[in-house]
Amino acid sequence: MENNANEKSLYERLGGTEGISTIVHEVIEAHMVNPGIKARFLPLKDDAEHLAEVKKHVIEFFVMGSGGSQQYSGKDMHSAHVGMNINQGEYMCVIDDIMSALNKNNVDEQSKKDVLAILYSLKDQMIGV
C-alpha cells in the first residue's frame, strides 16, 4: 500500500483539481484573517472579479505544478509579485496558511513536504521583488 502512495503524483495526493480548489479557497480565506498579510488580501473582497481571477490562477498553478494537466494562464511568479515588496515574514504567513489548509484537508506528511519544497523553491521569485 505504501508503494502505491509513492507512485501517485502530488496532484493525485492533493485530491486532484477538486481537492486543490478546496485547499486554495481555504488558503485565501485564511490570508484574509491572518494579521501578517490580511492587508494585502482584504481588498480582494471588494473586487469579486479580481478575487475570482486570483483564485483561478492559484488553482491552475497548483494543479500544473503538482502534476495535473491544467495549463497555467497567469504571469510567472516574479512578474506576478514584482512591486509588492513582500518580506520574509509575510512569506512565512503565506506558508503557514497553506500548511494549515493542507492539515485541515488531511493531506499526508510526504505531500506536505513536497508542497513546502515547491514553496521554498519559489521564494526568491516573490520576496523583495
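Here the structure is shown first, and the text comes after it.
Let me sum up the structure you'll find in this document. (Residues numbered from 1 in each chain as written. Predicted model: local features only at pLDDT ≥ 70, side-chain atom pairs only at ≥ 80, totals over all residues. Heavy atoms only, no water.)

### Notes on helix α5 (residues 48-65)
Helix length check: α5, at 18 residues, gives a terminal C-alpha distance of 25 Å against a target of 26 Å (1.5 Å per residue), a fit within 8%. All buried positions along α5 are accounted for by Leu51, Lys55, Ile59, Glu60, Phe62 and Val63. Summarising the axial view, the buried residues of α5 lie within an arc of 165°, below the 170-degree limit, and thus occupy one face. Summarising the contacts, the buried residues of α5 are in contact with α2 (10-13), α3 (16-31), α7 (88-104) and α8 (109-122). Glycine 67 occupies a position one or two residues after α5 and carries a positive phi of about 110°. (Helix = DSSP H or I, 4+ residues; strand = E, 2+ residues; numbered from the N terminus. Expected span 1.5 Å × (residues − 1). Buried < 20%, exposed > 50% of the residue type's maximum accessible area, 1.4 Å probe, protein only. Arc of directions from axis to C-beta. Contact = heavy atoms within 4.5 Å.)

### Quick notes on the environment of glutamate 60
Looking at the secondary structure, you find glutamate 60 in helix α5. Considered as a pair, glutamate 60 and aspartate 76 are 16 residues apart in the sequence and their alpha carbons are 12 Å apart. When near neighbours in sequence (up to four residues on either side) are disregarded, glutamate 60 contacts Gln70, Gln71, Tyr72, Ser73 and Gly74.

### Here we look at unusual backbone geometry
Even without glycine at this site, asparagine 85 takes up a positive phi of about 50°. Following the sequence through the fold, asparagine 85 ends up in the loop between α6 (77-81) and α7. For asparagine 85, a relative accessible area of 52% translates into the label exposed. Even without a glycine there, the phi angle at asparagine 106 is positive, about 55°.

### A closer look at α3
In a regular helix each residue adds 1.5 Å, so 16 residues correspond to 22 Å; α3 covers 22 Å between its end C-alpha atoms and thus fits that length. Those residues of α3 not exposed but buried are Gly16, Gly19, Ile20, Ser21, Ile23, Val24, Val27, Ile28 and His31. Where the residues of α3 are buried, they touch α2, α4 (38-41), α5 and α7.

### Quick notes on a negative patch on the surface
Together, Asp46, Asp47, Glu49 and Glu53 give the surface a local cluster of negative charge. Position of aspartate 46 among the secondary structure elements: in the loop between α4 and α5. We classify aspartate 46 as exposed; its relative accessible area is 75%. (Patch = residues over 30% accessible without salt bridge, like charges linked within 9 Å, V, L, I, M, F, W, Y side chains within 5 Å. Areas by Shrake-Rupley, 256 points an atom, 1.4 Å probe, with all protein chains shown as cover. Salt bridge = Lys/Arg side-chain N within 4 Å of Asp/Glu carboxyl O. Lys, Arg positive; Asp, Glu negative; His and termini not counted. Charge placed at Lys NZ, Arg CZ, Asp CG, Glu CD.)

### Points about the packing of α3 against α5
Their axes nearest at 9 Å, the elements α3 and α5 cross at an angle of 130°. When the axes of α3 and α5 are compared, the pair comes out oblique. Every pair of crossing elements has a handedness; the one defined by α3 and α5 is right-handed. Contact residues: Thr17, Ile20, Ser21, Val24, His25, Ile28 and Glu29 in α3; Leu51, Val54, Lys55, Val58, Ile59, Phe62 and Val63 in α5. The residue makeup of the contact of α3 with α5, split by class, is nine nonpolar, three polar and two charged. (Axes fitted to C-alpha atoms, helices over the stretch in contact; angles between N-to-C directions. Parallel < 35°, antiparallel > 145°, perpendicular 65-115°, else oblique. Left-handed = near helix turned anticlockwise from the far one by under 90°. Nonpolar A, V, L, I, M, F, W, Y, C, P; charged D, E, K, R; others polar.)

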